[in-house]
Amino acid sequence: MVERWRKETHCFNFHKGECTITLKDIAILTDLPIDGDVVCVDSTAPPKVVANMSGWQHFIWTVTGLCPPEKGDHDADGNPPLSKGQVSITWLTAEIRRKHNPEFGGIPLTEESSERDKDIYARIYILGMIGGVFFPKKSNNLISNSWLKIILGSWDDMGNLSWASACLAQLYRSLCNASARAVKEIDGAMFIVQFWAWEHLSWIAPKVDPDKEWGPDHPLRHEAYGCR
């Protein structure tokens, strides 16, 4: 699929014509919202406000309640938790699990947990979805700290953004970069390319049981179409 991508037209070039992934495809496959404000990230490092923390360390602590060390420790993938304006998702998820795992002296997250703990857990979960599913980098582990500025916002502000548009734009950029002759890796939401190809290119699509019924009681009936 990448070899058939033409960055001049943002289309896949086939023998019988061209076609491309549209915003409607993203919305149906992922159920991400189309309407809303533009997703705009600010990469400016926050000022240093605490003597023993850098600007990014303090900002991450504000959002997640966790303070990543800038030197010394490494996550399970061998990356530093905080490096060059990026934070390790592996480190964040490991720390938040340890915080709520009784085996490590943590307090399990329950209905009775504080709103602060629930809020932090939800924001880290969303950050993991952003950095690991919809906007992953080639490392598949590091995510730009710039996303934290959006995650720190109110739930209404996050829900009113056009995430589908941002995902499609990033996908186009990833395909364009990967189509260069010397490039051997690709980032971005490649699962969307796979799902889209299965839906539109019958000769590579997996076989589907014709008797499969997606009735109102099916567990995936009300999920995003890509889940099927």
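Here goes a summary of the coordinates provided.

So, how was this worked out
In every chain, residue numbers begin from 1 and rise along the written sequence. Two thresholds apply to this predicted model, a pLDDT of at least 70 for residue-level local features and 80 or more for giving and counting side-chain atom pairs, whereas whole-chain, interface and lining totals are computed over all residues. With hydrogens and water stripped out, all remaining heavy atoms of the structure feed into the side-chain values. By definition, a salt bridge exists where a carboxyl oxygen of Asp or Glu is found within 4 Å of a side-chain nitrogen of Lys or Arg. Helix numbering and strand numbering both begin at the N terminus, where a helix is a DSSP run of H or I of at least 4 residues and a strand a DSSP run of E of at least 2. Each residue gets one of three labels from its accessible area relative to the maximum for its type: buried under 20%, exposed over 50%, partly exposed in between, using a 1.4 Å probe on protein chains only. A pair of strands is considered paired only if DSSP assigns at least 2 bridges between the two. For our purposes a nonpolar core is just a set of buried Ala, Val, Leu, Ile, Met, Phe, Trp, Tyr and Cys residues, chained together by side-chain atoms within 4.5 Å. By this rule the span expected of a helix is its residue count minus one, scaled by 1.5 Å. Two residues form a contact once any of their heavy atoms are found within 4.5 Å. Working definition: a ring pair exists when centres of Phe, Tyr or Trp rings (six-membered ring for Trp) sit within 6.5 Å. Plane angles under 30 degrees give stacked, over 60 give edge-to-face, the rest tilted. Only when the NZ atom of a Lys or the CZ atom of an Arg is both within 6 Å of the ring centre and within 35 degrees of the ring normal do we say a charge sits over the ring. For patch building, the residue pool is restricted to those with more than 30% relative accessible area and no salt bridge; the joining distance is 9 Å between like charges and 5 Å between nonpolar side chains (Val, Leu, Ile, Met, Phe, Trp, Tyr). We get accessible surface area from the Shrake-Rupley algorithm with a probe of 1.4 Å; when it comes to residues, only the shown protein chains can shield them.

If the charged atoms of two oppositely charged side chains come close together, the side chains can form a pair. Tallied over the entire structure, the rule returns 2 salt bridges. Two residues, Glu-115 and Lys-118, come together in a salt bridge whose shortest N-O distance is 3.8 Å. Taken together, the residues span about one helical turn, with Glu-115 and Lys-118 both in helix α4 (residues 115-134) at a distance of 3 residues. A residue is classified by how much of its surface remains accessible, and Glu-115, at 59% relative accessible area, is exposed.

Here the focus is the pairing of strand β2 (residues 11-14). Two faces, one strand: in a regular strand the side chains alternate between the faces of the sheet. Alignment of strand β1 (residues 5-6) against β2, held across 2 bridges, turns out to be antiparallel. Counterpart to Arg-6 in the pairing with β2 is Cys-11. Linking two consecutive strands that pair antiparallel, namely β1 and β2, is a turn of 4 residues; a positive phi of about 55° is found at His-10 within it. Relative to strand β3 (residues 17-19), β2 runs antiparallel, the two sharing 3 bridges. Across the sheet, the residue bridging to Phe-12 is Cys-19, located in β3. Hairpin connection, β2 to β3: the antiparallel pair is bridged by 2 residues.

Right, let's talk about the sheet that holds β2 for a bit. Pairing within the open sheet is antiparallel, and its 3 strands lie in the order β1-β2-β3. Each edge of the open sheet carries a strand with a single partner, namely β1 and β3.

The next thing to look at is the nonpolar core. One finds Ile-21, Trp-147 and Trp-163 to be the most contacted residues of the largest nonpolar core, which totals 47 residues. Of all the secondary-structure elements, those providing two or more residues to this core are β2, α1 (23-30), α2 (55-64), α3 (89-99), α4, α5 (146-151), α7 (163-178) and α8 (190-200). Ranked by the residues each element gives to this core, the list is headed by α7, at 9 residues.

A few words now on α4. End to end, α4 covers 27 Å across 20 residues, agreeing with the expected 28 Å (1.5 Å per residue, within 8%). Within the sequence span of α4, burial applies to Ile-120, Arg-123, Ile-124, Leu-127, Gly-128, Ile-130, Gly-131 and Phe-134.

Its place among the elements puts Gly-65 in the loop between α2 and β4 (82-83). Judged by relative accessible area, Gly-65 falls into the partly exposed class, the value being 26%. With 112 residues separating them in the primary sequence, Gly-65 and Asn-177 have C-alpha atoms 36 Å apart. What Gly-65 contacts, discounting residues up to four positions off in sequence, is Ile-60, Arg-116 and Ile-120.

On to the packing of aromatic side chains, then. On inspection of all chains with the given rule, the structure shows 11 aromatic pairs. With a centroid separation of 4.9 Å and 70° between ring planes, the pair formed by Trp-5 and Phe-12 is classed as edge-to-face. When its relative accessible area of 0% is taken as the criterion, Phe-12 is described as buried. Members of the aromatic cluster, each reached through a chain of ring pairs, are Trp-5, Phe-12, Phe-14, Tyr-172, Trp-196 and Trp-203. Taking NZ or CZ as reference, Arg-123 lies 4.5 Å from the ring centre of Trp-155, over its face.

This brings us to a nonpolar patch on the surface. A grouping of Met-1, Trp-198, Trp-203 and Ile-204 is seen on the molecular surface, where their side chains present a nonpolar patch of about 420 Å² in accessible area. We classify Ile-204 as partly exposed; its relative accessible area is 39%.

On to unusual backbone geometry. Look at His-10: it is not a glycine, yet its phi comes out positive at around 55°. Along the chain, His-10 turns up in the loop between β1 and β2. Notably, Asp-31 is not glycine yet its phi reads approximately 65°, a positive angle. In this fold, Asp-31 is placed in the loop between α1 and α2.

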